[in-house]
Amino acid sequence: MSIGFGTRARVGHIYPSGGICDYEIQMMAPDGIHFLTTRLPFSRTGLDDDRAMTAGIEQAAALLSHAEADMIAFNCTAASMLVGADEVRARVGAATGGIPCVSTIEAVIQALGYIGATRIALLDPYPTEVEEAEIAYLAGQGFEVVDHAGPACSTPIEQGIIPPEEWIAIASRVDASAADAVLVSCAGTQTARAISGIEELTGLPVVTSNQALLWLVLRTLRIHEPLPNYGRLLSSARP
């Protein structure tokens, strides 16, 4: 796990208050990249809860600017999907005097495009209404969800305590025969240590929310170096 000081970059990390997996993105990061986390209120996992969480974006971003963050990463897949990456970026920029910002949903979409995926096997811990919204969103972005699976969790704690090996088991139950990638959606899950196992099981590249966000953060910082152990996406150093 990378626990080093931000000798290469400090990244402000906006994360749901009830989430317990904010360590994942730091764990996967290369040395010298320091994620500084602040939180927004979030204790339930429905669509209204995701939207409500974004009300505090400006305050959270302003606090991170006090640490002179080089950029800010808004890390909630569903919330960034619902309000839109452009709105998140604009609000963070206005609150911080122009600090660059990326969000989870744009990272996921760009990562899927980077690996050439169009047909997705989706794994997620969302309530039905959030899962359906994401499937519709992905379709609007040109990605067909061919099958999906996962527990319908009602709190971020329920999402976060699912062990990595259970995500591999869930992947074994989804029909990925028509897919060209697996997406494990939700920044509040223990998926970093499941990526290699799911790729080995399915023979497909895997994109996860935290992994994709780290990938986009590094690209934004123009840091291109292979990171082993966390799937094909991070193991490639191609700009």
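Before any of the text, the structure's been laid out above.
Here goes a summary of the coordinates provided. (Residues numbered from 1 in each chain as written. Predicted model: local features only at pLDDT ≥ 70, side-chain atom pairs only at ≥ 80, totals over all residues. Heavy atoms only, no water.)

1. A look at the pattern of salt bridges
What the rule picks out here adds up to nine salt bridges. One salt bridge connects Asp48 with Arg51, and the closest N-O pair in it is separated by 3.4 Å. Of the two residues, Asp48 and Arg51 both sit in helix H2 (residues 47-53), three residues apart, roughly one turn of that helix. By relative accessible area, Asp48 is classed as exposed at 58%. The partner of Glu58 in a salt bridge is Arg91, and the shortest N-O contact between them spans 2.7 Å. Of this pair, Glu58 sits in helix H3 (residues 57-65) while Arg91 sits in helix H5 (residues 85-96), and the two are 33 residues apart along the sequence. When its relative accessible area of 17% is taken as the criterion, Arg91 is described as buried. Through salt bridges with shared partners, one network takes in Glu58, Glu87 and Arg91. (Salt bridge = Lys/Arg side-chain N within 4 Å of Asp/Glu carboxyl O. Helix = DSSP H or I, 4+ residues; strand = E, 2+ residues; numbered from the N terminus. Buried < 20%, exposed > 50% of the residue type's maximum accessible area, 1.4 Å probe, protein only.)

2. What to know about the packing of helix H6 (residues 104-114) against helix H11 (residues 209-220)
In helix packing, the relevant descriptors are the interaxial angle and the interaxial distance, both defined with respect to the helix axes. H11 packs onto H6 with a crossing angle of 85° between their chain directions and a minimal axis gap of 8 Å. One element, H6, and the other, H11, form an angle in the roughly perpendicular class. Contact residues: Thr104, Glu106, Ala107, Val108, Gln110, Ala111 and Tyr114 in H6; Ser209, Ala212, Leu213, Trp215, Leu216 and Arg219 in H11. (Axes fitted to C-alpha atoms, helices over the stretch in contact; angles between N-to-C directions. Parallel < 35°, antiparallel > 145°, perpendicular 65-115°, else oblique. Contact = heavy atoms within 4.5 Å.)

3. With respect to the sheet that holds strand S1 (residues 9-16)
With respect to topology, four strands assemble into an open sheet ordered S2-S1-S3-S4, the strand pairing being parallel. If you trace the sheet from one side to the other, it starts and ends with strand S2 (33-40) and strand S4 (101-103), each paired once. Here the strands of the sheet are splayed against their neighbours by 25° on average, with no regard to which way each runs. Direction of pairing for strand S3 (residues 71-74) relative to S4: parallel, over a ladder of three bridges. Bridge pairing in S4 links Ala73 to Val102. (Pairing = 2+ DSSP bridges.)

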